[in-house]
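Structure assessment
Residue-level listing of the chains:
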Amino acid sequence: MIAFDLKCGSGHSFEGWFASSQDFDRQKADGQLVCPLCNDANVEKALSVPNVGRKSNQGTAPAPQPQVAAEPVSGEVMNAPALSPAMVEMMQKLAVAQAEMLKESQWVGRDFADTARAIHYGEEADRLIHGETSVDEAVALAEEGIAVAPLPFPVVPPSAKN
């Protein structure tokens, strides 16, 4: 699956998940894509950068913590500091689904970009792979039409497991 940031003609931004870039194109051509906020069918891919984790040796300053008001302002939706039980259950199911998918996927480590290209261009057998790559390389893969998406949860490389 690949996640695209989408934008409607009215300027609303939202996310859509597709089997491939071609699947997005097919659904758009068939008129199946509409904005969930205003039902605008003029939906396009928005400029986005894949969320690819940094290398373990690249430290960064911790992200600032969001400020949460003590009480919601009338008419506004507040981000709760704790996840709802339904959200926790959904995240657990997603983690299980990722673990199941990875059982059928081959870890290729830092050779991810080269292996993805080789598979895409028919130089290697078609198969599911996962590994590591830079943000720039992930963007380059996407620009070549190679389906690439970050995993929702971190993956421990096989060599790092006990």
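Described below are features of the structure shown in this document. (Residues numbered from 1 in each chain as written. Predicted model: local features only at pLDDT ≥ 70, side-chain atom pairs only at ≥ 80, totals over all residues. Heavy atoms only, no water.)

Turning next to the side chain of glutamine 27. Note that glutamine 27 resides in helix α1 (residues 21–29). Note on glutamine 27: relative accessible area 16%, which makes it buried. The residues contacting glutamine 27, other than those within four sequence positions of it, are Phe18, Gln32 and Leu33. (Helix = DSSP H or I, 4+ residues; strand = E, 2+ residues; numbered from the N terminus. Buried < 20%, exposed > 50% of the residue type's maximum accessible area, 1.4 Å probe, protein only. Contact = heavy atoms within 4.5 Å.)

Burial of strand β2 (residues 13–18) is one-sided: the residues Phe14, Gly16 and Phe18 facing one way are buried, the residues Ser13, Glu15 and Trp17 facing the other way are not. Linking strand β1 (residues 2–8) back to β2 in an antiparallel pair, the connection comprises four residues, with glycine 11 at a positive phi of about 95°. (Pairing = 2+ DSSP bridges.)

This next bit is on helix α3 (residues 112–120). Across the nine residues of α3, seven count as buried, placing the element largely inside the fold. Looking at the buried side of α3, the elements it contacts are β4 (106–109), β5 (129–131) and α4 (135–143).

Moving on to the packing of α3 against α4. For the pair α3 and α4, the least separation of the axes is 10 Å and the interaxial angle reads 10°. As the angle between them shows, α3 and α4 are arranged roughly parallel. Judged by residue contacts, Phe112, Ala113, Ala116 and Arg117 of α3 engage Glu137, Ala140 and Leu141 from α4. In terms of residue class, the contact of α3 with α4 is built from five nonpolar, no polar and two charged. (Axes fitted to C-alpha atoms, helices over the stretch in contact; angles between N-to-C directions. Parallel < 35°, antiparallel > 145°, perpendicular 65-115°, else oblique. Nonpolar A, V, L, I, M, F, W, Y, C, P; charged D, E, K, R; others polar.)

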